[in-house]
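The chain contents come next:
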Amino acid sequence: MTHLDIAIAPQHQQIAARLALAFVDSAEDRLGLVLAEVGALDSDGALAVLAVQSRNLAEALSRLMGSQESARSVLQRTVLDAGVATDG
């Protein structure tokens, strides 16, 4: 369970993995199918998939960047860049 009391089930982990695989494989047809699957979930299910994706992204960035602090910097920079883009 997450702090939002949303249970992450194996189904959510599977969808999250298939979504990432579609991106890795640049498979637009599969990407569309998996995104439609996410869209058909209730809000708790979609949030569970998002939580799995976010956890995997944070772990991968931490490993790639060499530390959690470096990964944090990349994500904070993204937040700032997006804020600037929406201000303009």
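See the structure above.
Residues numbered from 1 in each chain as written. Predicted model: local features only at pLDDT ≥ 70, side-chain atom pairs only at ≥ 80, totals over all residues. Heavy atoms only, no water.

J.: What should I look at first to understand the environment of alanine 16 in this one?
T.: Position of alanine 16 among the secondary structure elements: in helix H1 (residues 10-24). Alanine 16 has contacts with Val49, Val52 and Gln53, leaving out every residue within four places of it along the chain. (Helix = DSSP H or I, 4+ residues; strand = E, 2+ residues; numbered from the N terminus. Contact = heavy atoms within 4.5 Å.)

J.: Help me understand H1 in this model?
T.: A turn of α-helix holds 3.6 residues, and therefore any two residues three or four places apart point the same way. Between its first and last C-alpha atoms H1 spans 21 Å; for 15 residues at 1.5 Å apiece the expected length is 21 Å, and the two agree. Restricting attention to buried positions, one finds in H1 the residues His12, Ile15, Ala16, Leu19 and Ala22. Along the axis of H1, the buried positions cluster into a sector of 125°, meaning they face one direction only. Residues of H1 that are exposed and point more than 90 degrees away from the buried face comprise Pro10 and Val24. (Expected span 1.5 Å × (residues − 1). Buried < 20%, exposed > 50% of the residue type's maximum accessible area, 1.4 Å probe, protein only. Arc of directions from axis to C-beta.)

J.: Is there a simple way to explain the pattern of salt bridges in this structure?
T.: A side chain with one charge can pair with a side chain of the opposite charge if their charged atoms come near. Inspection of the entire model under this criterion finds 4 salt bridges. For arginine 30, the salt bridge identified is with aspartate 25, shortest N-O distance 2.6 Å. With a relative accessible area of 34%, arginine 30 lands in the partly exposed category. (Salt bridge = Lys/Arg side-chain N within 4 Å of Asp/Glu carboxyl O.)

J.: When you look at the side chain of serine 62 in this model, what are you seeing that I'm missing?
T.: Within the secondary structure, serine 62 sits in helix H3 (residues 43-65). Since its relative accessible area comes to 18%, serine 62 is described here as buried. Among the polar contacts made by the side chain of serine 62, one reaches the main-chain carbonyl oxygen of alanine 58 at a distance of 2.9 Å. The contact partners of serine 62, leaving out residues within four places of it in the chain, are Ser67, Gln68 and Ala71. (Polar contact = N/O pair within 3.5 Å; in protein donor to acceptor, adjacent residues only side chain to side chain.)

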